[in-house]
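Structural features, examined
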Amino acid sequence: MAKLKLGILGSGKGSNFRSIADAIKVGALDAEVGVVISDVETAGILSLARERKMRAEFVAPGKFKTKLEPEAEERILTLLREAGVELVVLAGWMRMIKAPLLDAFPRRIINIHPSLLPAFPGLEAWKQALVAGATETGCTVHYVDTGMDTGEVLAQSRVPIFPSDTPEELHARIQNAEHELYPAVIGEFARGLK
Ligand code: GRF
């Protein structure tokens, strides 16, 4: 049977991408990566993809900070289609996704966020949790919609917050949970359960 073809979009260091690629490599996740796309030319995620001999593409995002110019979104759509992508996986992607992409992949674009949504949407959610004095946080995999971190929740993983935690320590603990959760949820898509 054909493997589920993934398109990965990321703006950062790519540790979630690495966990997905590693899960595929060891046979724990029955999928394949069609293309990795970044809006940041120097992003670690592109280097990681190239090391693994995967197609890795930089797409210049245009002049906006939090969204893509229409030409950039069209280019991403073309790259995803060329690669035969069936599931779009946002892994540290820092821009809003709009109608053309959402319409092209209905319920086939997912994101991972470092909090137990709906708590602490937006940037640096682990810092938000610390400032709020929460004793627990976690990570959430959710469908992407037109809002920021508002789409339907697919799965969550809980992480304790200790009184001595620095933001860095808490973020690292959440990321460890992300690296387990994301490949597992993608596996549900690969098995046709979503
Ligand atoms: C993760 O913490 C994820 O929750 C958030 O962005 C971060 C990406 O990290 N959306 P990485 O690039 O996968 O290491």
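Summary of the structure given here. These numbers were taken from a predicted model, which means no experiment stands behind them. Per chain, residues are indexed from 1 in the order of the written sequence. Note on the predicted model: pLDDT of at least 70 is required for a residue's local features to be given, and 80 or more for side-chain atom pairs to be given and counted; whole-chain, interface and lining totals, by contrast, use all residues. Hydrogens and waters are ignored; side-chain quantities use all the structure's heavy atoms.

**A short note on the site of the ligand**
Just so we agree on the cut-off: Note on terminology: near, applied to a residue and a molecule or strand, indicates that one of the residue's heavy atoms is within 4 Å of it. Think of a polar contact as two N or O atoms within 3.5 Å of one another; within protein, one of them needs to be a possible hydrogen donor and the other a possible acceptor, and neighboring residues in sequence only count if both atoms come from side chains. Accessible surface is estimated by sampling points in the Shrake-Rupley manner with a 1.4 Å probe; for residues, cover comes only from the protein chains shown. Residues are called lining when one of their atoms sits within 4 Å of a cavity or pocket point, these points coming from a 1 Å grid over the protein atoms alone, where a cavity is a set in which a 1.4 Å probe fits but cannot get out and a pocket is an open set with protein on both sides within 12 Å along at least five of seven lines. For a molecule to be placed in a cavity or pocket, more than half of its atoms must lie within 2 Å of the grid points of that cavity or pocket. Only DSSP runs of H or I covering at least 4 residues are called helices, and only runs of E covering at least 2 are called strands; the numbering of each starts at the N terminus. The nonpolar class holds Ala, Val, Leu, Ile, Met, Phe, Trp, Tyr, Cys and Pro. Asp, Glu, Lys and Arg form the charged class, and all remaining residues, Gly among them, are polar.
Around the ligand, the structure places Gly-12, Lys-13, Gly-14, Ser-15, Asn-16, Gly-92, Ile-112, His-113, Pro-114, His-171, Gln-175 and Glu-178. Between Lys-13 and the ligand, the recorded distance is 3.1 Å, taken from a side-chain N or O atom to an oxygen atom. Within the side chain of His-171, one N or O atom sits 3.4 Å away from an oxygen atom of the ligand. Relative to its unbound accessible area of 370 Å², the ligand is 88% covered by the protein chains. According to the grid-proximity analysis, the pocket containing the ligand is the largest pocket. Examining the composition of the shell around the ligand, we find that 3 residues originate from one element, helix 6 (residues 167-190), more than from any other. Classifying every residue of the shell around the ligand by side-chain character gives 2 nonpolar, 8 polar and 2 charged.

**Section: the sheet that holds strand 3 (residues 56-58)**
Put simply, the test is: Only strands that DSSP links by at least two bridges are regarded as paired with each other. Fitting a line to C-alpha atoms yields each axis, with helices limited to the stretch in contact; the angle taken between N-to-C directions then spans 0 to 180 degrees.
An order of 3-2-1-4-5-6-7 is seen for the 7 strands of this open sheet, with the pairing classed as mixed. The open sheet has two edge strands with one neighbour each: strand 3 and strand 7 (153-160). For this sheet, the mean angle separating the axes of adjacent strands, direction not counted, is 20°. Where strand 4 (residues 87-90) and strand 5 (residues 109-113) come together, 3 bridges link them in parallel fashion.

**Points about the environment of Val-88**
Note the following rule: The buried label goes to any residue with under 20% of its type's maximum accessible area, the exposed label to any with over 50%, and the partly exposed label to all in between, with areas taken from a 1.4 Å probe on protein chains only. Residues are treated as being in contact if the distance between any of their heavy atoms lies within 4.5 Å.
Take Val-88: it is sitting in strand 4. For Val-88, a relative accessible area of 1% corresponds to the buried category. When the C-alpha atoms of Val-88 and Arg-107 are compared, they prove to be 9.5 Å apart, with 19 residues separating the residues in sequence. The residues touching Val-88, leaving out its near neighbours within four places in the chain, are Gly-7, Leu-9, Leu-80, Phe-105, Arg-108, Ile-109 and Ile-110.

**Concerning the layout of surface pockets**
Test applied: Grid points are joined across faces, edges and corners, and a volume is the space filled by probe spheres set on the points.
There is about 890 Å³ of room inside the largest pocket. Sorting the residues of the lining of the largest pocket by element identifies helix 1 (15-25), strand 5, helix 5 (125-131) and helix 6 as the ones contributing at least two each. Residue composition of the lining of the largest pocket, grouped by class: 16 nonpolar, 17 polar and 8 charged.

**A closer look at the environment of Leu-116**
Mapped onto the secondary structure, Leu-116 falls in the loop between strand 5 and helix 5. When the C-alpha positions of Leu-116 and Gly-14 are compared, they lie 21 Å apart, and in sequence the two are 102 residues distant. Non-local contacts of Leu-116, meaning those with residues more than four positions away in its chain, are made with Glu-136, Thr-137, Gly-138, Cys-139, Thr-140, Gln-156, Ser-157 and Arg-158.

**Some points on the nonpolar core**
For clarity, the cut-off: To qualify as a nonpolar core, a set must consist of buried Ala, Val, Leu, Ile, Met, Phe, Trp, Tyr and Cys residues joined through side-chain atoms within 4.5 Å.
With 42 residues, the main nonpolar core has Leu-6, Ile-8, Phe-17, Val-89, Ile-110, Tyr-182 and Ile-186 as its most contacted residues. The element best represented in this core is helix 6, accounting for 9 residues. The next biggest cluster of nonpolar side chains, apart from the first, holds 21 residues, and it includes Val-35, Ile-37, Leu-80 and Leu-90.

**Let's talk about the packing of helix 1 against helix 6**
So the rule is basically this: In what follows, roughly perpendicular refers to angles from 65 to 115 degrees, roughly parallel to angles under 35, roughly antiparallel to angles over 145, and oblique to any angle outside these ranges. Working rule for handedness: look at the near helix, and if it is turned counterclockwise from the far one by less than a right angle, call the crossing left-handed; if clockwise, right-handed.
Put simply, helix 1 and helix 6 touch, their axes get as near as 9 Å, and they point 50° apart. As far as their axial angle goes, helix 6 and helix 1 are oblique. As helix 1 packs across helix 6, the resulting crossing turns out to be right-handed. Residues Ser-15, Asn-16, Ser-19, Ile-20 and Ala-23 of helix 1 touch helix 6, and the partners they reach there are Gln-175, Glu-178, His-179, Tyr-182, Pro-183 and Ile-186. Tallied by class, the residues present in the contact of helix 1 with helix 6 amount to 5 nonpolar, 5 polar and 1 charged.

**Brief notes about the pattern of salt bridges**
As a reminder of what qualifies: By convention in these notes, a salt bridge is any Lys or Arg side-chain nitrogen within 4 Å of a carboxyl oxygen on Asp or Glu.
A full pass over the atoms with the stated rule returns 12 salt bridges. Asp-30 is the salt-bridge partner of Lys-3, the closest N and O atoms lying 2.8 Å from each other. Here Asp-30 lies in the loop between helix 1 and strand 2 (31-38) and Lys-3 lies in the segment before strand 1 (4-9), a separation of 27 residues in the sequence. Each of Arg-55, Glu-57, Arg-75 and Glu-82 takes part in a single network of salt bridges with overlapping partners.

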